[in-house]
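# Working through the structure, step by step
Chain by chain, the residues run as shown.
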Amino acid sequence: MAELTDDERDTLKTGAFGAVYLVSNADPGLFSMVKESFAASDAFAGTTGLVKTVLTTGGLPKLPRDTPEAVEALVLPALRRSVAILTAKSPHDLEQYRATVTGAADRVAGAASGVDAAETAIISKIKQALATPS
């Protein structure tokens, strides 16, 4: 397993959890949030190796609570940096990270009342950020 620094682990975790947060908040609602949290947890727990270790151990990342734009301004660059980190240090885990994050985002979007336009738009931004390293 690749050795990642604490900062690199935090970046991967911020990107993944932040992506879920962005999708969840694209169509807010308390009951929906509970269902979406379980969907994301299942997606993260269902992965293996380095990706599972990073996403399921330690504390949760600190995300801004000001505005959705502030979260997006943190999360999308974190996803791009995550791609760069994994490309450099653990390229065999990159596709799994991408699949886990996009899978979690898709599951969160579909967990409550179906996927709406706002969720589709943020998922598109997440996939774009995962496609290109910073």
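Residues numbered from 1 in each chain as written. Predicted model: local features only at pLDDT ≥ 70, side-chain atom pairs only at ≥ 80, totals over all residues. Heavy atoms only, no water.

### Looking at the packing of aromatic side chains
Considering all chains together, one arrives at one aromatic pair under this definition. Ring centres of Phe 17 and Phe 44 lie 4.8 Å apart, and the angle between their planes is 55 degrees; this geometry places the pair in the tilted category. With a gap of 27 residues between them, Phe 17 in helix H1 (residues 6-26) and Phe 44 in helix H2 (residues 30-45) connect regions that are remote in the sequence. The exposure class assigned to Phe 44 is buried, which follows from its relative accessible area of 4%. (Phe/Tyr/Trp six-rings, centres within 6.5 Å; stacked < 30°, edge-to-face > 60°. Helix = DSSP H or I, 4+ residues; strand = E, 2+ residues; numbered from the N terminus. Buried < 20%, exposed > 50% of the residue type's maximum accessible area, 1.4 Å probe, protein only.)

### Considerations on the packing of H1 against helix H3 (residues 49-56)
How two helices sit against one another is set out by the angle between their axes and by the gap between those axes. Direction vectors running N to C along H1 and H3 enclose 80 degrees, while the axes themselves pass 9 Å from each other. As far as their axial angle goes, H3 and H1 are roughly perpendicular. Each of Arg 9, Leu 12, Lys 13, Ala 16 and Phe 17 in H1 lies in contact with H3, whose residues at this interface are Thr 53, Val 54 and Leu 55. A class-by-class count of the residues in the contact of H1 with H3 yields five nonpolar, one polar and two charged. (Axes fitted to C-alpha atoms, helices over the stretch in contact; angles between N-to-C directions. Parallel < 35°, antiparallel > 145°, perpendicular 65-115°, else oblique. Contact = heavy atoms within 4.5 Å. Nonpolar A, V, L, I, M, F, W, Y, C, P; charged D, E, K, R; others polar.)

### Looking at the pattern of salt bridges
Close approach of charged atoms allows side chains of opposite charge to pair. Taken as a whole, this structure holds three salt bridges when the rule is applied. Residue Lys 89 pairs with Glu 8 through a salt bridge whose shortest N-O separation is 2.9 Å. Residue Lys 89 is found in helix H4 (residues 68-89), and its partner Glu 8 is found in helix H1; the two are separated by 81 residues along the sequence. Note that Glu 95 is salt-bridged to Arg 98, the shortest N-O span being 2.5 Å. Placement of the pair is Glu 95 and Arg 98 together in helix H5 (residues 94-111), with a separation of three residues, close to one helical turn. (Salt bridge = Lys/Arg side-chain N within 4 Å of Asp/Glu carboxyl O.)

### So, the confidence of the model for the protein
Per-residue confidence for the protein gives a mean pLDDT of 86; residues scoring 70 or more make up 84%. No element of the protein has a lower mean pLDDT than H2, at 61, and none a higher one than H4, at 95. (pLDDT = per-residue confidence, 0-100.)

### Re the nonpolar core
Within the largest apolar cluster, 34 residues are counted, with the highest numbers of intra-cluster contacts made by Leu 12, Val 23, Leu 79, Tyr 97, Val 101, Ile 126 and Leu 130. Taken together, the elements giving at least two residues each to this core come down to H1, H2, H3, H4, H5 and helix H6 (117-131). Excluding its chain neighbours within four sequence positions, the residues that come into contact with Ile 126 are Ala 19, Val 23, Leu 76, Leu 79, Val 101 and Ala 105. (Core = buried A, V, L, I, M, F, W, Y, C linked by side-chain atoms within 4.5 Å.)

### A few points about the layout of surface pockets
To find leftover empty space, a probe the size of one water molecule is rolled over the atoms. Here the second largest pocket is characterised by a volume of approximately 170 Å³. Lining the second largest pocket are 13 residues, with Tyr 21, Leu 22, Asn 25, Ala 26 and Pro 68 sitting closest to its centre. If you tally residues by element for the lining of the second largest pocket, the top one is H1, at four residues. Here the lining of the second largest pocket is built from residues that sort into eight nonpolar, two polar and three charged. (1 Å grid on protein atoms, 1.4 Å probe; cavity = no way out; pocket = protein on both sides within 12 Å on 5 of 7 lines; lining within 4 Å. Points joined across faces, edges and corners; volume = space filled by probe spheres on them.)

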